[in-house]
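Per-entry structural report
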Amino acid sequence: MIRTFSLHSAAALALATALLSAPATAQDAPIPAEDRGDGTITTSQDIVVLGSVGYRGRSDEAEPVLSYDSEFFQRFEPLTAGDALKRVPSVTFLSDVIESDGARLRGLPPGYTQILINGEKVPGSNADRSFFLDRIPAELIDRVEIVRSSSARRTGDAIAGTLNIKLRDGYELDGGYLRAGGLYYDDKELEPSVGGVFGGALGPGRFLIGGNFQGRHNPKKKYSLRYSDSPENNPDFATDDFENREDQRDTRDGKDYSFNATYDIKGDTTDFSVNGFYVHTDRTEDERSFEYNHPTNVNGPIRATPPGNLTVDNANVAKINQDNYSVNGKLAHRWSAGETSLKIGYAYFDEDRFETEYEVEFDRALPRFTGDQTRSAITDKEFSVRLEHEVDLGETAKLVFGGLWQDKDRDSSITEAPRDRFNLTAANRQGYDQFTRNPTEFVRTFGAFVPALGGINTIQEKRLDGFVLVEGDMPGVKWEAGVRYETTDLTIDDFTVPAALQRTTNNYEKLLPSASIKVDVGARGRITASTARTSRRPEFNYLSPVTLTEELGDNSLVGNPLLDPETSWGFDLGYEQRVGRSGIVGVNLFYRKVNDLIELANIGAIPGSSTTFLYQPQNIGDGKVWGVEFDLSSDLGFIGLPDTGVFGNVSWLDSKIDDEFGERRFNGQSKYVYNFGVIQDIPSVGAAFGATYRKQGGAFGRTVGEEVFTSYGADLEVFVEKRFGKSFTIRAVGSNLLNGAKRETFNKFAETGDQITRDFDEYEVESEKAGPVFQLMARYAF
């Protein structure tokens, strides 16, 4: 694996060297001051019928920003924002195969990455405050920006960086288009995909409306082998220590309905805009698992020899309903003292989840049924007001200052029905065949739902931020320097703990300086440098004071409402060079020093035990993150192939944390990620084709009681496109053509001492696989 990776990296570097040394040709276009976002109106025909290959853009702002227009992604027809981001530098995922939900910028856990939509934060269901990108249909996207460092203009919750998803607006589209097609999966399921967008003039301004319906389907197969010991202790563990095998079918089915709209007025002295989006999701996660007492046999539940009998049949189904919307308005006025802008925003997220798990155990004298039902609801609301003012300081600089007030309310409700457990009668289990019958047939009426421990709570955050920065714009140099002061008042109400503990409060303040500079080097090169202090707020599930028994193996976990945010000082240093007509090659070094890292601390033995302990999250750790990022996108006009576009990026990622068990990386950080591809346009026949290949390195994670090693197979996607005139395009796309695979090994320990001495409670090897997906998509512009 490493040798292949080195060859790919060497090829990319050799190509970059050739591009950098190639002289500009007569075909070279002028370098745009700003690749997108300058108010240029694009016709719907230009979006539907792409006249050229799309490349990575760059911003003229002082911050280090990588910009990717929808044209960069569109030919591979990504379904979601997560699918689109698989092609950009340093973004990894630890999702199931053919899913791209929690973006891990620079390999760090999703909570370290700030996700913005149209420059504004949005709430989600995840306890780590991250937002799953597979909730945003790719069809809504105008461009994606990777902001590698931070600025005083934005909230500082961006230790790994920021992903800003810019949706289409009325000043970037004239006309409309329709999109329709279908996706075919390897289990012969067919899902529809339809949508449309229209934009144009309306009164004194311009508007845009869009809608999209997307059928979602993800069929996977999982296979697990479990042992009582591991190869660390016994080379013959596979035969000596075998416990059971689990075969699982895991299917995710869903329907996404989305809508977005904007209205913009640009006047001589006053601008007004309002925009919003709405996404509704109905999703079912259906898992069916069979456990056997033999590594390969699949006999039914009969207690006889030879071994290979079914021991456990499990049916786990979750029905999920989500609503996510955001509305933002902005008013800007230019007057003699500068420009003043006011933004008001409201974001809402709601999730209802009903989960059932029914299981029959056959490895008993009398087979036993166990049933569990859980209902959970999360509502997260954010209201914000942002006021900014900027004023010129002479001809080459300006002063910008402002503030943010935000009120966030998050309500959680988790209730459980009393567990139902009983032995099956001889008549019930007679002739049971796991392939034609199901544990659901034994379900009886459940009792009333009651709150789970820690399951009913509200969290309210009120924050008041202020910032000031100075921006400079001189020939060949752009820079900014500023500071942001963030204050937060936190109130937590947990209604499942004793009355004296129900309400807890906390408050904290952070001073976050930042600075960035861009310096032109020669006619087509540029150096970028930045430094910033950023933060990460505590996870919601760590803030409740509730004690969860045996949450960490045999150890227990108690929350800590007095947690402070983690903070980080970091820097980025990069160089990028224009190549060919519109290409770019760049390299960037980054480093982060994370302080007040939230780690689980052993706060003493559980009463009555000398081997099991109580753990609490505390600000006791420190960590370091560093890496190198390289990216390239360009045509090959320098060798006479102006209609051939190549793109690629590779990131080497590393980090260091010391916990009570020793040194490790940040949990789940991949060692590397790279992808490369090619697009060939054939203007003479109105056609194009291309391919992209992606590989993500292995990752390791360790918590109290469990360690996991994760590796992924490679991913290959191809497309073929045919254009008809100036208004119609058909694309055929094949994705996951290498039958994406994910492999995990779990080291599980009952007690902390066992984890130190490597006395395993269970060693598990799990593999997951999904087949290819084919889609046929047509677009028509009008």
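Nothing here was measured: the structure is a model prediction, and the numbers come from that model.

Reading guide: rules and limits
- Residue positions are given per chain, counted from 1 along the sequence in the order it is written.
- Local features in this predicted model are restricted to residues of pLDDT 70 or higher, and side-chain atom pairs are both shown and tallied only at a pLDDT of 80 or more, whereas totals for entire chains, interfaces and linings draw on every residue.
- To get the side-chain values, take all heavy atoms of the structure and skip hydrogens and water.
- The criterion for strand pairing is that DSSP finds at least two bridges linking the strands in question.
- Helical segments are the DSSP runs of H or I of at least four residues, strand segments are the runs of E of at least two, and each set is numbered from the N terminus.
- Salt bridge, as used here, is a side-chain nitrogen of Lys or Arg placed within 4 Å of a carboxyl oxygen of Asp or Glu.
- Each residue is placed in one exposure class: buried if its accessible area under a 1.4 Å probe, protein chains only, is under 20% of its type's maximum, exposed if it is over 50%, and partly exposed if it falls in between.
- Aromatic rings from Phe, Tyr and Trp, taking only the six-membered ring of Trp, are treated as a pair when their centres fall within 6.5 Å; an angle between ring planes under 30 degrees marks them as stacked, one over 60 as edge-to-face, and anything in between as tilted.
- For a ring to carry a charge above it, either NZ of a lysine or CZ of an arginine must fall within 6 Å of the ring centroid while also lying within 35 degrees of the normal to the ring plane.
- Computed over the protein atoms alone on a 1 Å grid, cavities are sets of points where a 1.4 Å probe fits but cannot get out and pockets are open sets with protein on both sides within 12 Å along at least five of seven lines; a residue lines them when it has an atom within 4 Å of a point.
- Grid points are joined across faces, edges and corners, and a volume is the space filled by probe spheres set on the points.
- Classification convention: Asp, Glu, Lys, Arg as charged; Ala, Val, Leu, Ile, Met, Phe, Trp, Tyr, Cys, Pro as nonpolar; all other residues, Gly among them, as polar.
- Only residues whose relative accessible area exceeds 30% and that form no salt bridge are eligible for patches; like-charged ones are grouped when within 9 Å, while nonpolar side chains (Val, Leu, Ile, Met, Phe, Trp, Tyr) are grouped when within 5 Å.
- Here, Shrake-Rupley sampling with a 1.4 Å probe gives the accessible areas, and only protein chains in the shown set may cover a residue.
- Remark: nonpolar core denotes a set of buried residues (Ala, Val, Leu, Ile, Met, Phe, Trp, Tyr, Cys) joined through side-chain atoms within 4.5 Å.
- By definition, residues are in contact when any of their heavy atoms lie within 4.5 Å.

**Topic: the pairing of strand β13 (residues 270–292)**
Pairing geometry for strand β12 (residues 242–266) and β13, over 22 bridges, is antiparallel. Paired with Q248 across the strands is S289, a residue of β13. The hairpin turn running from β12 into β13, its antiparallel successor, is 3 residues long. Relative to strand β14 (residues 310–335), β13 runs antiparallel, the two sharing 23 bridges. Residue pairing for β14: R283 is matched across the bridge by I320.

**Considering the pattern of salt bridges**
This model, assessed by the stated rule, comprises 90 salt bridges. The shortest N-O distance in the salt bridge between E486 and R463 comes to 3.2 Å. With E486 in strand β20 (residues 477–494) and R463 in strand β19 (residues 450–474), the pair connects residues that are 23 residues apart, well separated along the chain. Judged on exposure class, the residue E486 and its partner R463 are both buried. The salt bridge partner of E486 is R537, with a shortest N-O separation of 3.8 Å. Pair noted here: E486 is in strand β20 and R537 is in the loop between β22 (525–536) and β23 (547–552), with a separation of 51 residues, a long-range link.

**So, the packing of aromatic side chains**
Summed over the entire model, instances satisfying the criterion amount to 32 aromatic pairs. When the centroid spacing of 5.0 Å and the interplanar angle of 25 degrees are considered together, the rings of Y325 and Y348 count as stacked. Of this pair, Y325 sits in strand β14 while Y348 sits in strand β15 (residues 338–361); the two residues are 23 residues apart in sequence, bridging distant segments of the chain. What makes Y325 partly exposed here is its relative accessible area of 27%. Here Y674 and F676 contribute two aromatic rings whose centre-to-centre distance is 6.4 Å and whose plane-to-plane angle is 0 degrees, an arrangement assigned as stacked. The class for Y674 is buried, based on a relative accessible area of 5%. A cation over a ring is seen here: K722 above F724, with NZ or CZ 4.6 Å from the ring centre. One Lys or Arg, K748, reaches over the ring of F746 and ends 5.5 Å from the middle of that ring.

**Comments concerning the environment of Y508**
The residue Y508 is located in strand β21 (residues 503–521) in this model. The class for Y508 is buried, based on a relative accessible area of 5%. Each C-alpha atom, one on Y508 and one on L562, is 9.6 Å from the other, the two residues being 54 residues apart in sequence.

**Some thoughts on unusual backbone geometry**
Backbone geometry places E77, a non-glycine residue, at a positive phi of 45 degrees. If you trace the backbone, E77 turns up in the loop between α3 (70–74) and α4 (81–85). Classification of E77 as buried rests on a relative accessible area of 2%. One non-glycine residue with positive phi stands out, namely E550, at about 50 degrees. Tracing the backbone through its elements, the reader meets E550 in strand β23.

**Notes on empty space enclosed by the protein**
Tallied over the full model, the rule gives 11 cavities of 30 Å³ or more. Looking at the largest cavity, its volume works out to about 660 Å³. Along the wall of the largest cavity there are 38 residues; nearest its centre are D83, K86, I98, E99 and S100. When contributions to the lining of the largest cavity are tallied by element, the ones reaching two or more residues are β9 (175–185), β11 (205–227), β31 (687–696), β34 (715–724) and β38 (773–781). Residue composition of the lining of the largest cavity, grouped by class: 13 nonpolar, 11 polar and 14 charged. When its volume is computed, the second largest cavity comes out at roughly 290 Å³. K121, V122, R129, S130 and E382 are, among the 24 residues lining the second largest cavity, the residues nearest its centre.

**Examining a nonpolar patch on the surface**
Where nonpolar side chains cluster on the molecular surface, the patch consists of F272, V274, V327, L331, L342, I344, F383, L387, W405 and L464 and spans about 810 Å² of accessible area. Of all the elements in the fold, those that place two or more residues in the nonpolar patch are β13, β14, β15 and β16 (368–392). Along the chain, V274 falls in strand β13. Given a relative accessible area of 31%, V274 falls into the partly exposed group.

**What to know about the pairing of strand β33 (residues 706–712)**
Bridge count for strand β32 (residues 699–703) against β33 is 5 bridges, and the pairing is antiparallel. Within β33, the position partnered with A699 by the bridge is T710. Where β33 meets strand β36 (residues 741–748), 7 bridges bridge the pair, whose relative direction is antiparallel. When the bridges of β36 are listed, V708 appears paired with F746.

**As for the sheet that holds strand β1 (residues 56–58)**
Strand order in the open sheet made by the 6 strands is β1-β2-β7-β8-β5-β6, with mixed pairing throughout. In the strand order of this sheet, the two ends are held by β1 and β6 (120–121), each with one partner. The pairing of β1 with strand β2 (residues 65–69) spans 3 bridges and is classified as antiparallel. By the bridge assignment for β2, G57 is matched with S67.

**Concerning the nonpolar core**
The tendency in soluble globular proteins is for nonpolar side chains to be buried as a group. The biggest cluster of nonpolar side chains holds 46 residues, and the ones touching the most others in it are L133, L163 and F666. Every residue in contact with L133, bar those within four places of it in the chain, is listed here: T80, A81, G82, L85, S100, D101, A103, I115, L163 and I165. Listed in part, the 14 residues of the second largest apolar core include L490, Y542, L563 and F613.

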